[in-house]
Amino acid sequence: MVLHLDMDYFFAQVEERENPRFKGVPLVVGADPKKGKGRGVVSTCNYEARKFGIHSGMAISKAYEACPEAIYLPVNMELYSRVSENIFRIIEKVSEKYEKVSLDEAYIDLSGLAENYKQAERIGCDLKKLIFKKEKLTCSVGIGENKMIAKIASEEDKPDGLKVVKAGDALKFISQKSIREIPGIGPKTEKKLEIILEKSGLKIKDLRAISKKQLVDVLGKRGEEIYKNVRGEDDSEIDLKTKTKSIGKEITFDQDTLDPEKIISTFKNLSQRVAGMAKTEERPIKTVVVTCRFENFNTYSRQVSFKPRKPTKGLIYKKGAKLLLKLLAKKLKPVRLLGIRVIFDESDKE
DNA sequence: AATTCATTATCAC
DNA sequence: CTAACGGTGATAATGAATT
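What counts and how
Residues numbered from 1 in each chain as written. Chains lettered and ligands numbered in written order. Predicted model: local features only at pLDDT ≥ 70, side-chain atom pairs only at ≥ 80, totals over all residues. Heavy atoms only, no water. Domains from an automatic or database assignment. Near = heavy atom within 4 Å. Polar contact = N/O pair within 3.5 Å; in protein donor to acceptor, adjacent residues only side chain to side chain. Helix = DSSP H or I, 4+ residues; strand = E, 2+ residues; numbered from the N terminus. Nonpolar A, V, L, I, M, F, W, Y, C, P; charged D, E, K, R; others polar. Phe/Tyr/Trp six-rings, centres within 6.5 Å; stacked < 30°, edge-to-face > 60°. Buried < 20%, exposed > 50% of the residue type's maximum accessible area, 1.4 Å probe, protein only. Lys NZ or Arg CZ within 6 Å of the ring centre and 35° of its normal. Contact = heavy atoms within 4.5 Å. Pairing = 2+ DSSP bridges. Axes fitted to C-alpha atoms, helices over the stretch in contact; angles between N-to-C directions.

Bringing the domain arrangement of chain A into the picture now. For chain A, the assigned domains read domain 1 (2–9 + 78–173), domain 2 (10–76), domain 3 (178–229) and domain 4 (246–344). Placing the centre of domain 2 and that of domain 4 at their C-alpha centroids yields a distance of 30 Å.

Okay, here's the thing in structure tokens:
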């Protein structure tokens, strides 16, 4: 049995807690809609803002159009990280066997902890109470036989929800849900499936009409998983503490630029920060990846691998600058975004 | 033939 | 009028380069 925990509108809820005058009015956490013409997106917003049609991932300029009177706050990641750590400390009191999906989301393995659904529900309820008592934040919990069911269940009664889906009810529970609720089906996959079935607004049960072969044909390896998923099955394991595989930084300019000074100084800055973060991992890196997005949104990456070496600022910048120059020499247009990432050496396995 | 490398696509939060 | 659209990290597909 699996428990999925999802903090409700996390960043915005934390801001409400820190500053109660944000409660009850539309609140959007993301970029400043006025600064730099508002090129960012909405990170999270509270439910009052959602009434205006605002949601995560929406362009901040569009959100501003929908609700200029909302309060717009910048992302205060340091604050949310601290709160997140507190929450995970609470989760650890329930079980060490958990998978951290993000700052505000986790799967907990209930095998060995709960013999039946009643006990599982008790654990979920206690966890919610504990988090609220310690952190004054609400969350939603879903419980099911596998990760997918638990995840879809946690959405069911949000916010402040607690939903248990018994094994026998799982198939029925997911049948009428949008196929987008299946983890791994995004906009592109949805479109492909709509073409196969010549129908939009697909429900999970609709996908049961597609053969395994056709799914694999169209979706590749993921088709195999999706074939099982739409039948309520999910083999994916709870992934305990895995090592970071890569670290990167990227930045979108306030305005697209061709200014070499600006490009270089920005790139230097990114490199330095990546080096700083990579060093704390105390592991060698073996690849540097540079990303560049131009004004037309075309995005390119260039990478180079080498003998695993310590992630020094000089190494990362040198390798990266060479790649960047090579790229810019070919495709010179005003630059929208620059990024650099390092990939750690993985040769040391378990 | 098998493995690694490079690049792009897709996804999640 | 339409498009607008971050930052971080993971995985897969595909084809080329190496071993």
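Residues in close proximity to DNA strand B total 20 residues, the closest being K151, G184, T189, Q303 and S305. Each atom of DNA strand B within 4 Å of the protein was classed as base or backbone; sugar and phosphate made up 89%. Residue D104 places a side-chain N or O atom 3.3 Å away from a sugar or linking oxygen belonging to DNA strand B. Between a phosphate oxygen of DNA strand B and a main-chain N or O atom of Q303, the distance comes to 2.7 Å. Looking at the surface near DNA strand B, the elements with two or more residues in it are strand 5 (98–102), helix 8 (187–197) and strand 11 (299–309). A per-class count over the surface near DNA strand B returns 7 nonpolar, 7 polar and 6 charged.

Let us look at the packing of aromatic side chains. Per the stated rule, a full pass over the model turns up 7 aromatic pairs. Between F267 and Y317, the ring centres sit 6.0 Å apart and the planes meet at 45 degrees, which makes this aromatic pair tilted. Taken together, the residues F267 in helix 12 (residues 260–281) and Y317 in helix 13 (residues 313–330) connect sequence positions 50 residues apart. On the basis of relative accessibility, which here comes to 1%, the residue F267 falls in the buried class. Positioned above the aromatic ring of F88, the side-chain terminus of K100 is 4.9 Å from the ring centre. The ring of Y107 carries K147 above its face, with NZ or CZ at 4.9 Å from the centroid.

With that settled, the discussion passes to the environment of D234. Here D234 lies in the loop between helix 11 (221–229) and strand 9 (246–257). Under the relative-accessibility criterion, D234 is labelled buried at 17%. Look past the residues within four positions of D234 in its chain and what remains in contact with it is N146, K147, M148 and N229. In terms of polar contacts, D234 uses its side chain to reach the backbone amide nitrogen of M148, at 3.0 Å. Engagement of the side chain of D234 in a polar contact is seen with the side chain of S236, the distance being 2.9 Å.

Moving on to the environment of E155. You can see E155 is positioned in helix 6 (residues 147–156). In sequence terms E155 and I196 are 41 residues apart; their C-alpha atoms lie 28 Å from each other. The contacts of E155, once residues within four sequence positions are left out, are D6 and E181.

One open sheet accounts for 5 strands, arranged 5-6-1-7-8; its pairing is mixed. Edge positions in the open sheet fall to strand 5 and strand 8 (162–164), since each of these has one partner strand only. Taking each pair of neighbouring strands and ignoring which way they run, the sheet shows an average axis angle of 15 degrees. Sheet analysis places strand 5 next to strand 6 (residues 105–109), joined by 4 bridges and oriented antiparallel. Looking at strand 6, one finds that Y98 is bridged to I108.

Before going further, it helps to examine the protein's contact with DNA strand C. If you check the shell around DNA strand C, you find 22 residues, and the closest are R39, K221, G248, T252 and R336. Each atom of DNA strand C within 4 Å of the protein was assigned to sugar, phosphate or base; sugar and phosphate come to 74%. The side chain of K249 places a nitrogen or oxygen atom 2.7 Å from a phosphate oxygen of DNA strand C. Separating a phosphate oxygen of DNA strand C from a side-chain N or O atom of T252 is a distance of 2.6 Å. Those elements that place two or more of their residues in the surface near DNA strand C are helix 3 (60–66), strand 9 and strand 12 (335–344). Tallying contributions element by element places strand 9 first for the surface near DNA strand C, with 7 residues. Of the residues assigned to the surface near DNA strand C, the class counts are 6 nonpolar, 7 polar and 9 charged.

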